[in-house]
Amino acid sequence: MSSVLDNIRAGYEQLEKRVQLALKIQVGDAQRLRHIASEVTRFRSVAEPHRDVFSAAEFATLQLSLADMESALDRAALRSADPLTIPKLKVMEKRPNGKGTGRHRLEIKPQFLDSALKLRGPTGVAKSVGCSARTVRRRGLEAGVLVPGGPVWRHQVQPNGQIAQVRQSVASQISPISDDPEALDAQVADILQVFPNFGREMLSGALSARGFRVPRNRINASYLRVPGV
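What you see is a predicted model; the values in this text were computed from it and never measured.

Right, let's talk about the environment of Pro110 for a bit. Mapping Pro110 onto the fold places it in helix H4 (residues 110–116). You can call Pro110 partly exposed: its relative accessible area is 45%. The spacing of Pro110 and Glu142 is 32 residues in sequence and 9.1 Å in space, taken between C-alpha atoms. Beyond its immediate sequence surroundings of up to four residues, Pro110 is in contact with Ala143 and Val145.

Next comes the structure, spelled out in structure tokens:
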């Protein structure tokens, strides 16, 4: 089991990424911004009773950082009341492809991709920036944010001796803990002991921060099994 301090640090890291992403792509959606601000407030209330596990300097830094997040989200939510007057943050731009064809290449800022792809897949990021998931994946691979998958097709010998092409999944591997309900429940209970207000989405992020990739349906099942949730 991770210590309370490790849990709070991991939870803060996930929360910070969510706030940064919201401030980049959700300006104009006041309701969503206020929802994330309420998550920051809840996190602060959860961390407060455990201040004795921190050094005085680290806890003061944590409190200041949370206050800065709340202020930034509140300002963004207020500006979102008149979204047409707010210049969009540019995370994508068109540049000539350099081949003299007159066509352009879509460039996406690597720093944005690094944070966005840790929270959402290429399809989700593509919807936010207004391009195809294929473009997001290509730019992620070029920036070193994504790892190339294996081949989509492989050759397989059939019972009759013929060779056929078989499609195989290129998704990242599901963690073995996903097939062990007791181990998964122990991790979920450990997270919820410190962050009782975490929903399924934040649980998924917290598990990912611990190195576990677990399907959403199994997180849901564990969430319902763990006592006190």
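Picking up after the structure, the text goes on.
For the structure shown, the criterion picks out two aromatic pairs. Centroid distance Tyr12 to Phe43: 6.4 Å. Interplanar angle 55 degrees. Geometry classified as tilted. Of this pair, Tyr12 sits in helix H1 (residues 4–25) while Phe43 sits in helix H2 (residues 30–47), placing them 31 residues apart in sequence. Exposure class is identical for Tyr12 and Phe43. Each is buried. Pairing Phe54 with Phe59 gives two aromatic rings, centres 5.6 Å apart and planes at 55 degrees, and the pair type is tilted. You can call Phe54 buried: its relative accessible area is 10%.

Parameters at a glance
- Residues numbered from 1 in each chain as written.
- Predicted model: local features only at pLDDT ≥ 70, side-chain atom pairs only at ≥ 80, totals over all residues.
- Heavy atoms only, no water.
- Helix = DSSP H or I, 4+ residues; strand = E, 2+ residues; numbered from the N terminus.
- Buried < 20%, exposed > 50% of the residue type's maximum accessible area, 1.4 Å probe, protein only.
- Contact = heavy atoms within 4.5 Å.
- Phe/Tyr/Trp six-rings, centres within 6.5 Å; stacked < 30°, edge-to-face > 60°.

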